[in-house]
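Listed below, chain by chain, are the residues.
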Amino acid sequence: MINSEEKLLLENTIAFVKKELQDAEGGHDWFHIERVYKNAKLIAEEEAVNNLVVEVAALLHDIADSKFHGGDDTIGPKKAAEFLATQKISEEDSTHIVNIIANVSFKGGNAKKTFHSKELEVVQDADRLDALGAIGIARTFNYGGFKNRKLYDPAIPPHLKMTPSEYKASMAPTINHFYEKLLLLKDKMNTQTAKKIAQERHQFMEQFLEQFYAEWNGEC
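Scoring rules and cut-offs
- Residues numbered from 1 in each chain as written.
- Predicted model: local features only at pLDDT ≥ 70, side-chain atom pairs only at ≥ 80, totals over all residues.
- Heavy atoms only, no water.
- Helix = DSSP H or I, 4+ residues; strand = E, 2+ residues; numbered from the N terminus.
- Polar contact = N/O pair within 3.5 Å; in protein donor to acceptor, adjacent residues only side chain to side chain.
- Contact = heavy atoms within 4.5 Å.
- Axes fitted to C-alpha atoms, helices over the stretch in contact; angles between N-to-C directions.
- Parallel < 35°, antiparallel > 145°, perpendicular 65-115°, else oblique.
- Left-handed = near helix turned anticlockwise from the far one by under 90°.
- Nonpolar A, V, L, I, M, F, W, Y, C, P; charged D, E, K, R; others polar.

Colleague: For this particular structure, what's the right way to read the side chain of Thr191?
Modeller: Within the secondary structure, Thr191 sits in the loop between α9 (174-180) and α10 (192-216). At a separation of 3.3 Å, a polar atom in the side chain of Thr191 contacts the main-chain amide nitrogen of Ala194. Among all residues touching Thr191, those that are not within four sequence positions of it are Ile43, Glu47, Val122 and Asp125.

Colleague: How should the environment of Ala64 be read in this particular structure?
Modeller: Note on placement: Ala64 falls in the loop between α3 (51-60) and α4 (75-84). Linking Ala64 and Thr163, residues 99 residues apart in sequence, is a C-alpha distance of 21 Å.

Colleague: So what exactly am I meant to see when it comes to the packing of helix α5 (residues 91-103) against helix α6 (residues 118-129) here?
Modeller: Helix packing geometry: the angle between the two helix axes and the distance between the axes. Between α5 and α6, the shortest axis-to-axis distance is 10 Å and the interhelical angle comes to 45°. In terms of orientation, α5 lies oblique with respect to α6. Where α5 crosses over α6, the handedness of that crossing is right-handed. Each of His96, Ile100 and Asn103 in α5 lies in contact with α6, whose residues at this interface are Glu119, Leu120, Val123 and Gln124. Looking at side-chain class alone, the contact of α5 with α6 contains 3 nonpolar, 3 polar and 1 charged residues.

Written out as structure tokens, the structure reads:
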């Protein structure tokens, strides 16, 4: 059961995130955070975790996404730490939350992990679920448009062995992102709850791609 101090912390965190992301790109705005927050709470119901750490980390996980800050992965954790220093929260929980934020990102799928916790697994799954299904498709094309990327180019194949730096620098067509990240996420989920949801969303994306290629090739 959440106590009054925890409730105030969550309220303050929500207000802070809404203000910070008020002009954010549509796939990484407050509504993305809200969906991840809801996903995290749903997954946490089936896991033995520190719920406060999960919820605050979910709210702060994209407070300064590196892709909008020159690829700098340190800005998000730093901004989160600075905010948490103004709040009534234990040093242990604050450090845990900052570590989650520093390690939650996909980063091309080939980055070595330096931190592990059940809370990280929950937040990571919650974030990855928002990259799948109908929402995932919408976010992918929204970001592709934001970066002025081609929808698809048959002459540019997906690159599945990118380093984190190559992944950050990629300007490949948006369809390639399905193969370089989205379709890989189903098998990277940590929790049983997320694995079940991811399977359904994965199938929806496969159906979308079949339709996309059929229309591209004038077959329907």
